[in-house]
Amino acid sequence: MKAVILVGGEGTRLRPLTCNIPKSMVPIINRPFLEHMINHLKSHGIDDITLALCHLPDQIQSYFGDGSDFGVKLTYVIEDYPMGTAGAVKNVEQHLDETFFVFNGDIFTDLDFSAMMRSHRQMGAKVTIALTPVEDPTIYGVVETDAGGRLLRFVEKPSRDEAPSNMINAGTYIVEPDVLSHIPPRCFFTFERELFPLLLNIGDPIYGYPSNAYWIDIGTTEKYQKLHHDLLTRRVSRGFPGQRAGEGIWVEGDCDIHPSAQLKGPTVIGGNCVIDSGVQVKGPSVIGQGCHIGKDSLIEGAIVWHNTRLGQGVALRNCIIAEGIFIGDRSRVAEGCILGNNVVIGCDQSLTQGTRVWPPENRR
Ligand code: GDD
Ligand code: MG
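Every value quoted in this text rests on a predicted model; they were computed, and no experiment measured them. What you see as residue numbers is a count from 1 along each chain, following the sequence as written. In the order they appear in the text, chains get letters beginning with A and ligands get numbers beginning with 1. Two thresholds apply to this predicted model, a pLDDT of at least 70 for residue-level local features and 80 or more for giving and counting side-chain atom pairs, whereas whole-chain, interface and lining totals are computed over all residues. In computing side-chain properties, one takes all heavy atoms of the structure into account and sets aside hydrogens as well as water.

What about unusual backbone geometry?
Part 1 of the reasoning: Residue Pro16 follows Arg15 across a cis peptide bond; omega there is 10 degrees.
Part 2 of the reasoning: Put simply, DSSP marks the helices as runs of H or I at least four residues long and the strands as runs of E at least two long, and each gets a number from the N terminus on. Here Pro16 shows up in the loop between strand 1 (2-7) and strand 2 (27-28).
Part 3 of the reasoning: Here Gly283 and Pro284 are connected by a cis peptide whose omega angle stands at 0 degrees.
Part 4 of the reasoning: Relative to the assigned elements, Pro284 resides in the loop between strand 20 (280-282) and strand 21 (285-287).
Part 5 of the reasoning: In the Ramachandran plot, Asn272 falls in the positive-phi region, its phi being about 60 degrees despite a non-glycine side chain.
Part 6 of the reasoning: Structurally, the position occupied by Asn272 is in the loop between strand 18 (267-269) and strand 19 (274-275).
Part 7 of the reasoning: Backbone geometry at Asn318 places phi at a positive 45 degrees, although glycine is not the residue there.
Part 8 of the reasoning: Between buried and exposed lies partly exposed: a residue is buried under 20% and exposed over 50% of the maximum accessible area for its type, with that area taken using a 1.4 Å probe on protein chains only. Judged by its relative accessible area of 32%, Asn318 falls in the partly exposed class.

Details of the domain arrangement of the protein
Part 1 of the reasoning: The domain boundaries assigned to the protein delineate domain 1 (2-232) and domain 2 (247-362).
Part 2 of the reasoning: Two residues qualify as a contact provided that any one of their heavy atoms is within 4.5 Å of a heavy atom in the partner residue. Each side of the interface is counted separately: domain 1 has 18 residues, and domain 2 has 29 residues.
Part 3 of the reasoning: Note: buried area is the sum, over both parts, of the accessible area (probe 1.4 Å) each one loses when the two are combined. Taking both partners together, domain 1 and domain 2 bury about 1800 Å²; carbon and sulfur atoms supply 64% of that area.
Part 4 of the reasoning: Broken down residue by residue, the surface that domain 1 buries against domain 2 is led by Pro16, Asn30 and Leu232, which jointly contribute 34%.
Part 5 of the reasoning: Salt-bridge detection follows one rule: a side-chain nitrogen of Lys or Arg within 4 Å of a carboxyl oxygen of Asp or Glu. In this structure, Glu252 and Arg31 form a salt bridge, with 2.5 Å as the shortest nitrogen-oxygen distance. Domain extents, as shown, originate in an automatic or database domain assignment.

Considerations on the nonpolar core
Part 1 of the reasoning: Ranked by internal contacts, the top residues of the largest apolar core, which has 89 residues, are Ile5, Leu51, Leu316, Ile327 and Leu339.
Part 2 of the reasoning: The element that contributes the greatest number of residues to this core is helix 1 (residues 33-43), accounting for 5 residues.
Part 3 of the reasoning: Composition of this core by domain shows at least three residues from each of domain 1 (2-232) and domain 2 (247-362).
Part 4 of the reasoning: If we ignore the near neighbours within four places in the chain, the residues touching Ile327 are Arg309, Leu310, Gly311, Val314, Leu316, Ile321, Val333, Leu339 and Ile345.
Part 5 of the reasoning: To qualify as a nonpolar core, a set must consist of buried Ala, Val, Leu, Ile, Met, Phe, Trp, Tyr and Cys residues joined through side-chain atoms within 4.5 Å. If you look at the next biggest cluster of nonpolar residues, it comprises 28 residues, including Val4, Val77, Ile183 and Phe196.

Structure, rendered in structure tokens:
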């Protein structure tokens, strides 16, 4: 089956993590977000995937190549300027000659795409929209459906008073190819504000597909942390990279872990890490590939990306430490802090709760 994944957004709400990498490449348990997504698509027979790219396309292309290492066929189409969610799909129209899926590129879900396809065909829908219930619908697209699931209204980011329900657009659609004729070529056009209202107006059948499957949009740093927590504590189930090396501990490839280091799960450690004597790691935590954790350091509830180096006696608590970072001896990073790529923190520093540090190359 065919799909388009929309991966053109800038991920502004994930900064400083996304200052110099696209949102779809942020690591989730040491693998790019998009890799998790592609694996899930593949498990439902969706293996012919077009990536609609705009912002920082090179990193995605060089990691995934033609997709064969991941068991899928990948085609890349790069927009000269952001065309909007529907404009981006129109732009790849030549690849879409059968019923296809469209995925927002920032959703982590357990949704049963095969069952959604069966429902789409059974209803004879032109478009089927996956729906999920949320507490605060105002930051999403909100729908109203009739008793049979047919869409009556779609409102993007309504105010509290205007929200017709708490069922929101989960960012997964099944679309019939003839729907593309309603999207003007080479124009900024979105599903949410333009196409869905237009289709409702002309009376095309759009159906909602509600489900209580695990669903999260990793658009903010809080949700990025929550997804890690949910994966590590098995609220949502996925395999972890590496081998089990104790209760709740996964270690990938060759690592040099000192026998006096204390590791408490759930914790995942990437390949080629060095963990010195007296280190304590308390889960739920993740340490990326090629990290060096200095003597007597403490990592508690932290997400550490690849190739980061901590000096001696460093303490990290419930924070996100991106790639290529250096933190000097005895420095402390408190809860909610986020350090962008290549940040350097000297010795004896104390970053207070919620501090965000931008990558050096983005501080202008
Ligand atoms: N190629 C391309 N070009 N992709 C784009 C563009 C574009 O111009 N604009 C956005 N995207 C991609 C983003 O990268 C993201 O994967 C997806 O489209 C949705 O954009 P977001 O910016 O993340 O939108 P949102 O989260 O505010 O709202 C959307 O998702 C909600 C669910 O998380 C809407 O679809 C809402 O209706 C929905 O409820
Ligand atoms: Mg989003």
